[in-house]
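Observations on the three-dimensional arrangement
Read off the chains here:
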Amino acid sequence: MTASAYKDHLGRPIVAVTGMGIITSLGQGLKDNWAALSSGTSGIHAINRFPTEGLSTRIAGTVDFIEIPVPNAVERSYAFARETTIEALADAGLSGDFNGPLFLAAPPIEPEWSARFELADRSPAADHPGDAYERFLTALRQRPDPAFHEAALFGAISERLADRFGTRGLPVTLSTACASGVTAIQLGIEAIRQGRTDRALTVATDGSLSAEALIRFSLLSALSTQNDPPTKASKPFSKDRDGFVIAEGAATLVLESLESAVARGAKVLGIMKGAGDKADSFHRTRSSPDGGPAIATIRAALADAGIDESGIGYINAHGTSTPENDKMEYGSMSAVFGEKLVGIPVSSNKSMIGHTLTAAGAVEAVFSLQTMLTGTLPPTINYNNPDPSIVLDVVPNKKREAQVSAVLSNSFGFGGQNASLVMALEPA
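Rules used throughout
- Residues numbered from 1 in each chain as written.
- Predicted model: local features only at pLDDT ≥ 70, side-chain atom pairs only at ≥ 80, totals over all residues.
- Heavy atoms only, no water.
- Axes fitted to C-alpha atoms, helices over the stretch in contact; angles between N-to-C directions.
- Helix = DSSP H or I, 4+ residues; strand = E, 2+ residues; numbered from the N terminus.
- Parallel < 35°, antiparallel > 145°, perpendicular 65-115°, else oblique.
- Left-handed = near helix turned anticlockwise from the far one by under 90°.
- Contact = heavy atoms within 4.5 Å.
- Salt bridge = Lys/Arg side-chain N within 4 Å of Asp/Glu carboxyl O.
- Buried < 20%, exposed > 50% of the residue type's maximum accessible area, 1.4 Å probe, protein only.
- Domains from an automatic or database assignment.
- Buried area = accessible area lost by both parts, 1.4 Å probe.
- Polar contact = N/O pair within 3.5 Å; in protein donor to acceptor, adjacent residues only side chain to side chain.
- Core = buried A, V, L, I, M, F, W, Y, C linked by side-chain atoms within 4.5 Å.
- Phe/Tyr/Trp six-rings, centres within 6.5 Å; stacked < 30°, edge-to-face > 60°.

Glancing now at the packing of helix 10 (residues 292-305) against helix 11 (residues 323-337). Axis separation between helix 10 and helix 11 bottoms out at 8 Å; the angle between their running directions is 45°. In terms of their interaxial angle, helix 10 and helix 11 are classed as oblique. Of the two elements, helix 10 crosses helix 11, and the hand of that crossing is right-handed. In contact with Ala-294, Ile-295, Ile-298, Arg-299 and Leu-302 of helix 10, helix 11 contributes Met-328, Ser-332, Met-333, Ala-335, Val-336 and Phe-337.

Working definition: two side chains of opposite charge can pair if their charged atoms are close together. One pass over the full model with this rule turns up 20 salt bridges. The salt bridge partner of Arg-216 is Glu-212, with a shortest N-O separation of 2.5 Å. A residue pair is termed a helical-turn pair when its members lie 3 or 4 positions apart in one helix, as Arg-216 and Glu-212 do in helix 8 (residues 211-219) at four residues. By relative accessible area, Glu-212 is classed as buried at 16%. For the salt bridge of Arg-264 with Glu-256, the shortest nitrogen-to-oxygen distance reads 2.7 Å.

Once that is clear, we can look at the domain arrangement of the protein. In terms of domains, the protein is made up of domain 1 (15-109 + 154-424) and domain 2 (114-151). The straight-line distance from the C-alpha centre of domain 1 to that of domain 2 is 37 Å. Listed by partner, the interface residues are eight residues for domain 1 and four residues for domain 2. Between domain 1 and domain 2, the buried area comes to about 430 Å², and carbon and sulfur atoms account for 48% of it. Linking domain 1 with domain 2 are zero salt bridges, by the criterion used here. Where domain 1 touches domain 2, the interface holds zero residue pairs in polar contact (both at pLDDT 80 or more). Mapped onto the side of domain 1 that touches domain 2, the elements with two or more residues apiece are helix 2 (73-92) and helix 6 (156-165).

Looking now at helix 6. Buried within helix 6 are the following residues: Ala-156, Ile-157, Ser-158, Leu-161, Ala-162 and Phe-165. Looking at the buried side of helix 6, the elements it contacts are helix 2, strand 5 (102-105), helix 5 (146-150) and strand 6 (172-174).

Another aspect to go through is the nonpolar core. In this structure, Ile-185, Leu-253, Leu-255, Met-272 and Leu-421 are the most contacted members of the largest nonpolar core, which totals 46 residues. Here this core takes seven residues from helix 13 (residues 360-374), the largest share from any one element. Those residues in contact with Ile-185 that lie beyond four places of it in its chain are Thr-202, Leu-253, Leu-255, Met-272, Ala-362, Ala-365 and Leu-421. Ranked by size, the runner-up nonpolar core spans 26 residues in total, among them Phe-237, Ile-315, Met-333 and Leu-341.

Here we come to unusual backbone geometry. The peptide bond linking Asp-228 to Pro-229 adopts the cis configuration, its omega dihedral lying at 0°. Residue placement: Pro-229 occurs in the loop between helix 8 and strand 8 (249-257). Phi at Asn-99 is positive, roughly 60°, even though this residue is not glycine. Judged by its relative accessible area of 47%, Asn-99 falls in the partly exposed class. Backbone geometry places Val-395, a non-glycine residue, at a positive phi of 50°. Under the relative-accessibility criterion, Val-395 is labelled buried at 0%.

Inspection of every chain in the model, using the stated rule, returns two aromatic pairs. Ring centres 6.2 Å apart and planes at 40° place the aromatic pair Trp-34 and Phe-367 in the tilted group. Here Trp-34, found in helix 1 (residues 30-38), pairs with Phe-367, found in helix 13; they are 333 residues apart in sequence, far enough to count as distant. Taking the relative accessible area as the measure of exposure, Phe-367 reaches 0% and is therefore buried. On the numbers, 5.4 Å between centres and 80° between planes, the contact of Phe-217 with Phe-244 is edge-to-face. Of the two residues, Phe-217 sits in helix 8 while Phe-244 sits in the loop between helix 8 and strand 8, which places them 27 residues apart along the sequence.

Shown next, in the form of C-alpha cells:
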C-alpha cells in the first residue's frame, strides 16, 4: 500500500464512511428508518413471537418482518446483518468481492429452549442426572442436526457473511456487550489507520430476543414494566423512567480510507474522526456510579479525534432509560463538557427503537451520521416529566432543524464495556 495523501492530526489515514445500511423495529432500510425516527415514531410494540403471560415485561422492539429459515437467534442475526450489508454495499457503490476485512459484533449465542427440549425428547434415558450432556451428544451423533449445531456456534454468522460478500482474511466476531457495535467500528478504523487495508466492513447485529433473554434482564430489574402503551415505555432522562426496552436490529458501515474513496469517486457520508474505549471493573453488570471510566472514554474519543469539547455540536446519548445509567451518563458528560453541556443538544434514539444491545453502537452511528447529513436532530420522545437532577437539552418530543459538523455517540455496556465515537461531516 502507498502512503495516504489524506492524514489526520496524528499523521494517520483519514477514515471515511462510504456506505450505510440499517434495520430496526422501525423498518428496513435507511430511508424508512430515518423518516420514522426523525418524526418521533416509536417501533416498540407488544411481543407476539412467544407467549408473555405471567411476565412483568411484555413489550419489545422485535424485528418480525425478515423471513428466516429456522426460528433461532443465529438465523435472525444473520438475516439482519445480510440485509444491512447488501444495503451498505449498494450505498457505497461496491459490487463483487469486498476484498477487505470483516468485523462483526454479534450477540452471545445459545440455542432456543424449544430446540433444547426437542433434543432432550429424543435423547436416551440417563442413569444419573449428571449424564444429561452426554445424552445430548449421543442424540446428535445418532441424528446430526446442522441447524442446532450452527445455533450454538458464535462465529457462524461472520463466516456466512464472509462467504457471501467476499471479505478478506479471517472474519472477526466480537462481543463487548452494549458497546459491541462501536468496538466493531473501532477495529475497522484501526485497520485502515495502520495501513493494513483500504476498506473494512463493520457490521453489528442482534436478533437474540427470546423469552429467556427477557426473563434474565427482568431478574436484573433492568427492563421497563410500563407495558401499556408500549410506545410510551422508553423515556430516557425522564423522572419516571423505570428501565430499558429490549429490541433487535442491525447496522452495517463501509469504512474506507479517504484517499481510496476519493480515488474511486465514492460519495463520502462522513468521517470517523475518533474512537475511545475504557474498561470498568466496578461490577459485572453495573457501571461505576462515579462515571470515571465513562468520562475517560469520552475524553479518549475527543483526544483521538483531535478536537476539544467545543467541537461537538450534538451528542447521541447511550440514553437507555434505566434510572442508574441515565444518571451516570449525565454525570460523565457534565464532567467532560462542564457548563457547555446545557448548550449541546443531547438525544436518545432508544426512546423510539429501544435498546438493540449488541447492535446499538452501530445503529446509533448510522443515525448520528444521518443527523449531520440532513441537518435534523432526532427527538427524545416521551419526555413529559423531566428529571430535575438531569439538566439537558434532550430535543424533547419533536425533531429540530440544526446543522452540526461533529457528533459524539456514546455506548456504555454491561460488564464495564465503554466506547465512544466522534464523527464529522468533513475532515479537518
